[in-house]
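The chain contents come next:
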Amino acid sequence: ALFHINSYATDNIRLHLRWWDTSCSNQKVARALFDLSSEDLGVGIIGPACSFQAMTVNDFSPYFGMADVGFSAQTPALNDRSTYPGFYRVSATADIYHEGHVAVMKRFGWKRAGLVVQSGSSIFQTVQGNIQAAAKAENLTVDPIVAVRSVNGIDVDGIWDHLQRSRTRLIIFVSRPTVTQRVLCALYHKGLRSSCCGDRMIRLFV
């Protein structure tokens, strides 16, 4: 891509790319920002890929006078122009999935879904609110089952009890992949199978 762009560049302008592998790590993003601040600043930033780190970058990029183009950070929180005025995205937000959630519920005649939300971040709170608003617009209900704080702070018993007591046929996870995987593994070992809950087949959206 750089070769293609530079082959059409005029007035001796050339595009150069410096990259850091931040691995969705806050520590590595902080290091990249430090390196960036101590050398000749460029004209813009591309990435990082993960939402948490993209928010961190955009907390600082305005001080560098640089715009940031996000290619995969999906959190709707980055849509707030008053907080992230220099962020531009070329990918859809997580809100695109809500139409699918609602469509599945309507297709099978389900009026209620459960929501497992990771607490402690505006990312997940924003997604939770948007999912519930999309469902409410179609006279459907999405109820939080339990909030999980971290991989080690998961109330799996609470989720399991909810499945046993309620008529929920659909569970939507709004959490980091590591947390979602931990919850699903724990539920599987508790007996989450196709026949775990009477005549109900439990569907999962992650």
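Given the structure is predicted, the values throughout are model-derived calculations rather than measurements.

Rules used throughout
- Residues numbered from 1 in each chain as written.
- Predicted model: local features only at pLDDT ≥ 70, side-chain atom pairs only at ≥ 80, totals over all residues.
- Heavy atoms only, no water.
- Helix = DSSP H or I, 4+ residues; strand = E, 2+ residues; numbered from the N terminus.
- Pairing = 2+ DSSP bridges.
- Axes fitted to C-alpha atoms, helices over the stretch in contact; angles between N-to-C directions.
- Core = buried A, V, L, I, M, F, W, Y, C linked by side-chain atoms within 4.5 Å.
- Buried < 20%, exposed > 50% of the residue type's maximum accessible area, 1.4 Å probe, protein only.
- Salt bridge = Lys/Arg side-chain N within 4 Å of Asp/Glu carboxyl O.
- Expected span 1.5 Å × (residues − 1).
- Bend = angle between axes of the 7 residues up to and from the residue.
- Contact = heavy atoms within 4.5 Å.
- Arc of directions from axis to C-beta.
- Phe/Tyr/Trp six-rings, centres within 6.5 Å; stacked < 30°, edge-to-face > 60°.
- Lys NZ or Arg CZ within 6 Å of the ring centre and 35° of its normal.

Asks: Quick rundown of unusual backbone geometry? Include the residues and the values.
Replies: Along the chain, G47 connects to P48 via a cis peptide bond; the corresponding omega equals 5 degrees. Mapped onto the fold, P48 is located in the loop between β1 (44-46) and α3 (51-64). Notably, S23 is not glycine yet its phi reads approximately 50 degrees, a positive angle. Inspection of the secondary structure puts S23 in the loop between α1 (2-7) and α2 (26-37). At C24, a position not held by glycine, the phi torsion is positive, near 55 degrees. You can see C24 is positioned in the loop between α1 and α2.

Asks: Can you explain the sheet that holds strand β2 (residues 67-70)? Please cite residues and give values.
Replies: Spatial strand order, β1-β2-β3: three strands in an open sheet with parallel pairing. Of all strands in the sheet, those bounded by a partner on one side alone are β1 and β3 (87-89). Averaged over all pairs of adjacent strands, the angle between strand axes in this sheet comes to 20 degrees, irrespective of strand direction. For β2 and β3, the ladder comprises three bridges, and the chain directions are parallel.

Asks: Can you lay out the nonpolar core for me, pointing to particular residues and giving the numbers?
Replies: Counting 24 residues, the largest nonpolar core has L78, M105, L115, I131, V142 and V174 as the members making the most contacts within it. Going through the elements one at a time, α3, α4 (96-108), β4 (112-118), α5 (122-136) and β6 (170-174) are the ones with two or more residues in this core. V116, I145, L163 and I171 belong to the second largest nonpolar core, which has twelve residues in total.

Asks: For the pattern of salt bridges, give the residues involved together with the corresponding values.
Replies: Inspection of the entire model under this criterion finds three salt bridges. In this structure, R112 engages D143 in a salt bridge whose closest nitrogen and oxygen atoms are separated by 2.2 Å. Here the residue R112 occupies a position in strand β4, and D143 occupies one in strand β5 (residues 141-148), the gap between them amounting to 31 residues. R112 sits in the partly exposed class, given a relative accessible area of 45%.

Asks: How would you sum up α3? Please name residues and give values.
Replies: Taking 1.5 Å of rise per residue, the 14 residues of α3 would be expected to cover 20 Å, and the 20 Å separating its terminal C-alpha atoms lies within 8% of that figure. Approximately 30 degrees is the largest bend angle found in α3, and it occurs at N58, with the proline P62 only one to four residues beyond. Listing the buried residues of α3 in full gives S51, Q53, A54, M55, V57, N58 and S61. Buried residues along α3 sit in contact with α2, β1, β2, β3 and α5. Count one or two residues on from α3 and you reach G65, which has phi positive near 70 degrees.

Asks: Can you explain helix α7 (residues 177-190)? Please cite residues and give values.
Replies: Between its terminal C-alpha atoms α7 stretches 20 Å, which fits the 20 Å expected from 14 residues at 1.5 Å a residue. Turning to α7, its buried residues are V179, T180, V183 and L187. The buried residues of α7 all sit within an arc of 100 degrees when viewed along its axis, so they share a single face. Opposite the buried face of α7, by more than 90 degrees, sit the exposed residues P177 and H189.

Asks: Which residues make up the environment of S175, and what values do they have?
Replies: Structurally, S175 is set in the loop between β6 and α7. On a C-alpha basis, the gap between S175 and F124 in space is 6.8 Å, while along the polypeptide they are 51 residues apart. In contact with S175, other than residues within four places in its own chain, are Q118, F124 and T180.

Asks: Please set out the packing of aromatic side chains residue by residue, giving values where relevant.
Replies: For any pair of aromatic rings, the description consists of the separation of the ring centres together with the inter-plane angle of the planes. Tallied over the full model, the rule gives one aromatic pair. Between F108 and W110, the aromatic rings sit 5.0 Å apart at their centres with planes inclined by 20 degrees, giving stacked as the arrangement. Residue class for F108 comes out partly exposed when judged on its relative accessible area of 46%. Residue W110 is classed as buried on the basis of its relative accessible area of 9%. Seen from the ring of F108, R107 lies directly overhead, with NZ or CZ sitting 5.5 Å from the centre.

Any link to function would need more than the numbers given here.
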